[in-house]
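Close look at the chain arrangement
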Amino acid sequence: QVQLVQSGGGFVQAGGSLRLSCEASGNILSVNTISWYRQALNKRELVAAITSGGDTNYADSVKGRFTVSRDNAKKTAYLQMNSLKPEDTGIYYCNADRILITTDQVAVDYWGQGTQVTVSS
């Protein structure tokens, strides 16, 4: 069974750092683009994304503070969050747009379980 398993998150003071992980588990071959979303105030917005080739993009609100990366051998993506602000508080989800399970079997639009990030002032 294909799963996106998230870890990390927690409670930090403003200015602190957290590192989130998103591992694609199961017997799979590869994962395409991994995106990180933040849900707060009943709104889910794209925070960062990284393609299979390593190209990245970020929301303006996190540029210079967050870094998205991936380890294809481990089938894991990371979101390093530095200089955290209270407005970064929310539930963070990772998403895989395409997972290659076998050479002719593809799964699309898979989501992690989400993890809470709370930044206090």
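The structure we're discussing is the one just above.
Thresholds, definitions, all that
Residues numbered from 1 in each chain as written. Predicted model: local features only at pLDDT ≥ 70, side-chain atom pairs only at ≥ 80, totals over all residues. Heavy atoms only, no water. Helix = DSSP H or I, 4+ residues; strand = E, 2+ residues; numbered from the N terminus. Buried < 20%, exposed > 50% of the residue type's maximum accessible area, 1.4 Å probe, protein only. Polar contact = N/O pair within 3.5 Å; in protein donor to acceptor, adjacent residues only side chain to side chain. Contact = heavy atoms within 4.5 Å. Disulfide = S-S within 2.5 Å. Pairing = 2+ DSSP bridges. Axes fitted to C-alpha atoms, helices over the stretch in contact; angles between N-to-C directions. Salt bridge = Lys/Arg side-chain N within 4 Å of Asp/Glu carboxyl O. Core = buried A, V, L, I, M, F, W, Y, C linked by side-chain atoms within 4.5 Å.

Okay, the side chain of Gln6 next. Here Gln6 lies in strand 1 (residues 3-7). Residue Gln6 is classed as buried on the basis of its relative accessible area of 6%. Separated by 2.9 Å, the side chain of Gln6 and the backbone oxygen of Tyr92 make a polar contact. Not counting chain neighbours up to four residues away, the residues in contact with Gln6 comprise Ser21, Cys22, Trp36, Tyr92, Tyr93, Cys94, Gly112, Gln113, Gly114 and Thr115.

Attention shifts here to the state of the cysteines. Using the criterion set out here, one finds one disulfide in the structure. Disulfide pairing places Cys22 opposite Cys94 at an S-S distance of 2.1 Å. Classification of the bridge connecting Cys22 and Cys94 rests on its S-S torsion, roughly 70°, and on that basis the disulfide is right-handed. Residue Cys22 is found in strand 3 (residues 18-25), and its partner Cys94 is found in strand 10 (residues 90-102); the two are separated by 72 residues along the sequence.

The strand order across the open sheet formed by four strands is 1-3-9-8, and the pairing between neighbours is antiparallel. Only two strands of the sheet have a single partner each, and these edge strands are strand 1 and strand 8 (66-71). If you compare each strand with its neighbour and ignore which way they point, the axes differ by 15° on average. Sheet analysis places strand 3 next to strand 9 (residues 76-81), joined by six bridges and oriented antiparallel. For Cys22, the partnering residue across the bridge sits in strand 9 and is Ala77.

All right, on to the pattern of salt bridges then. Across all of its chains, the model carries four salt bridges by this definition. Among the salt bridges present, the one from Asp88 reaches Arg38, with a minimum N-O distance of 3.3 Å. Taken together, the residues span a long stretch of sequence, with Asp88 in the loop between strand 9 and strand 10 and Arg38 in strand 5 (residues 34-40) at a distance of 50 residues. The two residues Asp88 and Arg38 agree in class, both being buried. Residue Asp88 pairs with Arg65 through a salt bridge whose shortest N-O separation is 2.8 Å. A residue pair is termed long-range when its members are at least 10 positions apart, and Asp88 in the loop between strand 9 and strand 10 and Arg65 in the loop between strand 7 (56-58) and strand 8 qualify at 23 residues. In this pair, the class of Asp88 matches that of Arg65, namely buried.

The topology assignment puts Gln116 in strand 12 (residues 115-120). Here the alpha-carbon distance between Gln116 and Ser7, two residues 109 residues apart in the chain, equals 9.9 Å. Engagement of the side chain of Gln116 in a polar contact is seen with the backbone oxygen of Gly90, the distance being 3.4 Å. Polar contacts involving the side chain of Gln116 include one to the side chain of Thr118, which spans 3.2 Å.

Counting residues in hydrophobic clusters, the biggest one holds 29 residues, and the most contacted among them are Trp36, Phe66, Leu79, Met81, Tyr92 and Ile99. At the level of elements, strand 3, strand 5, strand 6 (43-50), strand 8, strand 9, strand 10 and strand 12 are the ones that each hand at least two residues to this core. The biggest single contributor to this core is strand 10, with five residues.

So yeah, pure geometry; function would need other evidence.
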